[in-house]
Amino acid sequence: MLTYTLDKTKGHLSKELYKALKRDIEEGKIKRGEKLPSKRTFARNCSVSTITVQNAYDQLVSEGYITAIEKKGYYVSQEGGKKKSLVSFSIKEEEEEKPLDLPDLSNNRVKEENFPFSIWSRLMRKTMAERQNELLSPMSAEGVLELRRAIAHHLSSFRGMIVSPSQVLVGAGTEYLYSLIIQLIGRDKLYAIEDPGYMKLERIYDANGVESRRVRLDEKGLSLLDLEETNAEIAHISPNHHYPTGITMPLDRRYEILSWASADDGRYIIEDDYDSEFRVSRNPVPTLYTLDSSGSVIYMNTFSKSLASTVRISYMVLPLELSERFKEKLSFYSSTVSSFEQYTLASFIEEGFFEKHINRMRLYYIRQRKLVLSLLSSGPLKDKSSVIENDSGLHFILRLDTSLTDEEIKALLLKEGIRISALSDFSLYHDNTHDFLISYSNLDMEAFERALTILSENI
């Protein structure tokens, strides 16, 4: 079985895979005429996306190393370098390597001291004391009614969304909910995802046997022109605060995307509103779900950003048609979130603790943001950098004025024990943008100040 372990720190995975294949072809480890694995099989072997394999194969085809034969696959057509004798490989057992716990300037986890442990534990004890019968009774696939009612009320008061609890579906993380959407809509659909964007999405869709296409962003968000050129039927987007660029889609583009969706009965928009609670100054823009009149928008959100990343409780609001389809076809599923957590979270929302927590955290993040921006404006990097933000979410983009590549910048900081993510890490098309993510939700201020000094002295 042909497989490679790719080092993600060295750059784009497709380039690493291309180099590995080219080396083995030239050294004779992969023989002339030998058939290479299918894109899907090879992607699974190497734990990468089919797009990564496709890009590597395309490059090898263009250089004459392999040949694509229609309906048969890819075959080695050239054996570069001199022939070598058979090589014996020894297999050694490797110890599991744990990732180093280094300061990460792009890490958006919540600090432990900001989680409302005392309130949560009190509500958990109350739940166990007062709901013993419900806790040991079967739940509906959508989740407990009390939590779905609480979420519907929260969306009404906070986002102006008119939602019936029957349309709300609770699940253990958005990744699980994506799989339900695929089953509801169908695996024969073509899904469009944003570039730059949440890189795991492509792998999730690929793992579920779904074809996806990347669509570029412009200054308003997802490019409608590029979306139409893909012939996609599903658009998976984060219009309210795009990750990682921070773009908030304006109203005119929102209406254009909605018009695209309503033009065909089979089209849907998956609206990810993952950190909408933390807009700093401006009034929130209406959700696509609120503006939608054709039942084409699936709204998604999570408590992982507002409470903690380890609180694996997410939810989605289905259009009425899909809600009924779920009840007819998928209601046999068991809820993936325990009733203990669901009833506790319902009480947390209903008794006003969630709103108080959001307000407290919003003030905390405003102070953090001001502190970080002041260090940039008055620190050693002030003349070599600029900030790109839109007063929302928990991160912004730091643009560096440098001739160094993104990988060189990351390596420079990593050498000093500091991690950082570049915008190019989230894109197939963008390379060496000199844009880096700074998240202030869990920022190590000492490491941040040290990074500013290191960068100012080296770029």
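Residues numbered from 1 in each chain as written. Predicted model: local features only at pLDDT ≥ 70, side-chain atom pairs only at ≥ 80, totals over all residues. Heavy atoms only, no water.

A. Spotlight on the overall build of the chain. Check the secondary structure of the chain and you find 16 helices and 14 strands. Rg of the C-alpha trace for the chain: 24 Å, near the compact-globule value of 23 Å for 459 residues, within the 12% margin. When the backbone C-alpha atoms are referred to their principal axes, the chain occupies close to 75 × 60 × 50 Å. Residue burial in the chain is summarised as follows: out of 459 residues, 52% are buried. For the chain, the share of sequence-separated contacts (at least 6 apart) that also reach a separation of at least 24 residues comes to 72%. (Helix = DSSP H or I, 4+ residues; strand = E, 2+ residues; numbered from the N terminus. Rg over C-alpha atoms; globule rule 2.2 N^0.38 Å. Buried < 20%, exposed > 50% of the residue type's maximum accessible area, 1.4 Å probe, protein only. Contact = heavy atoms within 4.5 Å.)

B. Region of interest: the sheet that holds strand 8 (residues 268–272). Read across the sheet, eight strands follow the order 3-10-9-8-7-4-5-6 without closing on themselves; strand pairing throughout is mixed. Looking at which strands have only one partner, the edges of the open sheet turn out to be strand 3 (168–171) and strand 6 (221–222). Of the strands in this sheet, strand 3, strand 4 (190–195), strand 7 (234–237), strand 8, strand 9 (297–302) and strand 10 (314–317) are in contact with helix 7 (residues 174–185), which crosses strand 9 at around 165°. (Pairing = 2+ DSSP bridges. Axes fitted to C-alpha atoms, helices over the stretch in contact; angles between N-to-C directions.)

C. Up close: the packing of helix 1 (residues 13–26) against helix 3 (residues 50–62). The geometry of helix 1 relative to helix 3 is characterised by a closest axis approach of 8 Å and an angle of 50° between their N-to-C directions. By the angle class used here, helix 1 and helix 3 are oblique. When you trace helix 1 past helix 3, the crossing you get is right-handed. Residues Leu13, Ser14, Leu17, Tyr18, Leu21 and Lys22 of helix 1 form the contact with helix 3, whose own contacting residues are Thr52, Val53, Asn55, Ala56, Tyr57, Gln59 and Leu60. Taken together, the residues of the contact of helix 1 with helix 3 break down into eight nonpolar, four polar and one charged. (Parallel < 35°, antiparallel > 145°, perpendicular 65-115°, else oblique. Left-handed = near helix turned anticlockwise from the far one by under 90°. Nonpolar A, V, L, I, M, F, W, Y, C, P; charged D, E, K, R; others polar.)

D. Representation of the packing of helix 4 (residues 117–130) against helix 13 (residues 339–350) in the model. Between helix 4 and helix 13, the shortest axis-to-axis distance is 9 Å and the interhelical angle comes to 120°. Where helix 4 crosses over helix 13, the two elements pack in a sense that is right-handed. Residues Ile119, Trp120, Leu123, Met124, Thr127 and Met128 of helix 4 touch helix 13, and the partners they reach there are Phe340, Tyr343, Thr344, Leu345, Ser347 and Phe348.

E. Seen up close, helix 16 (residues 445–458). Its 14 residues give helix 16 an end-to-end C-alpha distance of 20 Å, which sits within 8% of 20 Å, the value for a rise of 1.5 Å per residue. By the burial criterion, the buried members of helix 16 are Met445, Ala447, Phe448, Ala451, Leu452, Ile454, Leu455 and Ser456. Buried-residue contacts for helix 16 involve helix 14 (353–378), strand 12 (395–400), helix 15 (406–415) and strand 14 (435–439). Put simply, Asp444 is the residue that caps the front of helix 16, since its side-chain oxygen is 3.2 Å from the backbone nitrogen of Glu446. (Expected span 1.5 Å × (residues − 1). Polar contact = N/O pair within 3.5 Å; in protein donor to acceptor, adjacent residues only side chain to side chain.)

F. Region of interest: the pattern of salt bridges. Evaluation of the coordinates by the stated rule reveals 21 salt bridges. A salt bridge links Lys220 to Asp252; the nearest nitrogen and oxygen atoms lie 2.5 Å apart. Of this pair, Lys220 sits in the loop between strand 5 (211–218) and strand 6 while Asp252 sits in helix 10 (residues 251–262), placing them 32 residues apart in sequence. Note that Asp425 and Lys410 form a salt bridge whose closest N and O atoms lie 2.7 Å from each other. Placement of the pair is Asp425 in the loop between strand 13 (421–422) and strand 14 and Lys410 in helix 15, with a sequence separation of 15 residues. Salt bridges here are not isolated pairs; linked through shared partners, they connect Arg131, Glu134 and Glu146. (Salt bridge = Lys/Arg side-chain N within 4 Å of Asp/Glu carboxyl O.)

G. Structural context of the environment of Arg131. Structurally, Arg131 can be placed in the loop between helix 4 and helix 5 (132–135). In this view, Arg131 contacts Glu146 and Tyr343; residues no more than four positions away in its chain are not counted.

H. Region of the structure containing the packing of aromatic side chains. Within the structure shown, the criterion is met by 15 aromatic pairs. Considering the side-chain rings of Phe348 and Phe353, the 6.2 Å spacing of their centres and the 25° angle between planes classify their relative orientation as stacked. The exposure class assigned to Phe348 is buried, which follows from its relative accessible area of 0%. Take Phe353: its relative accessible area is 15%, and that puts it in the buried class. Through successive ring pairs, a cluster of aromatic residues spans Phe115, Phe117, Trp120, Phe303, Tyr315, Phe348, Phe353 and Phe354. (Phe/Tyr/Trp six-rings, centres within 6.5 Å; stacked < 30°, edge-to-face > 60°.)

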